[in-house]
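Close look at the chain arrangement
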Amino acid sequence: MPRTRAELKAELQVEAERLIEAMLHWTEQTEAPDLTAIEDQVLTLRQQFGEKLAEAAVERQATAAPLTVRCPQCGRPMHQKKKRQRRRVESRVGEIPLKRAYYYCDHCQVGLFPPGLAIAGGGPRVE
Ligand SMILES: [Zn+2]
């Protein structure tokens, strides 16, 4: 069951608070850090928050998923091949969990996972 907008927002606010607290704690514990150390710390925290944001965006998108998915190649309706799968996907903002249905076109033998990402042949592969 996807979380509501308000639940997601509250969760992101808690995460932001946690990261801010972690940053402040780090500054108190780290004596005279150089720019590289500051960069490393900020990038680590940014990475964590980025993953949370991406996760929330994916979840919101799943809520609004269309009921009929059409094949991007032939336009025929695709069928849901498997129940929703949960997998962790490496993205530019870090590793995020995707829990999406996998759709398949028997005519073109093309799958979509998640909708919008075409995967030629074989099984689900997300890059
Ligand atoms: Zn097709």
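Higher on the page you've got the structure.
Residues numbered from 1 in each chain as written. Predicted model: local features only at pLDDT ≥ 70, side-chain atom pairs only at ≥ 80, totals over all residues. Heavy atoms only, no water.

**A closer look at the overall build of the protein**
Each helix and strand in the protein was counted, giving two helices and four strands. When the helices and strands of the protein are read in sequence order from the N terminus, they spell out α-α-β-β-β-β. Among the 127 residues that make up the protein, the fraction classed as buried is 29%. Residue pairs in contact within the protein that sit at least 24 positions apart in sequence constitute 46% of those at least 6 positions apart. Accessible area of the protein: about 8,800 Å², with a carbon and sulfur share of 53%. (Helix = DSSP H or I, 4+ residues; strand = E, 2+ residues; numbered from the N terminus. Buried < 20%, exposed > 50% of the residue type's maximum accessible area, 1.4 Å probe, protein only. Contact = heavy atoms within 4.5 Å. Areas by Shrake-Rupley, 256 points an atom, 1.4 Å probe, with all protein chains shown as cover.)

**Here we look at the pattern of salt bridges**
Two side chains carrying opposite charge are able to pair once their charged atoms lie near each other. Tallying each qualifying case throughout the model produces three salt bridges. Residue E11 is joined to R3 by a salt bridge in which the shortest nitrogen-to-oxygen separation is 2.3 Å. Given the relative accessible area of 25%, R3 is considered partly exposed. Where R18 meets E15, a salt bridge forms, and the shortest distance between an N and an O atom there is 2.9 Å. With R18 and E15 both in helix α1 (residues 5-29) and three residues apart, this pair spans about one turn of that helix. (Salt bridge = Lys/Arg side-chain N within 4 Å of Asp/Glu carboxyl O.)

**Some thoughts on the coordination of the zinc ion**
At the metal site, the zinc ion is ligated by C71 (SG), C74 (SG), C105 (SG) and C108 (SG), and these contacts range over 2.3 to 2.4 Å. Every donor residue of the zinc ion comes from the same chain, spaced as C-x2-C-x30-C-x2-C. C74 gets classed as partly exposed once you look at its relative accessible area, which sits at 29%. (Donors = N, O, S within 2.8 Å, 3.2 Å for Na, K, Ca; no water.)

**Thoughts on empty space enclosed by the protein**
Tallied over the full model, the rule gives two cavities of 30 Å³ or more. In this model, the largest cavity occupies a volume close to 60 Å³. Lining the largest cavity are R3, L8, E11, L12, K52, E55, A56 and E59. Tallied by class, the residues present in the lining of the largest cavity amount to three nonpolar, no polar and five charged. (1 Å grid on protein atoms, 1.4 Å probe; cavity = no way out; pocket = protein on both sides within 12 Å on 5 of 7 lines; lining within 4 Å. Points joined across faces, edges and corners; volume = space filled by probe spheres on them. Nonpolar A, V, L, I, M, F, W, Y, C, P; charged D, E, K, R; others polar.)

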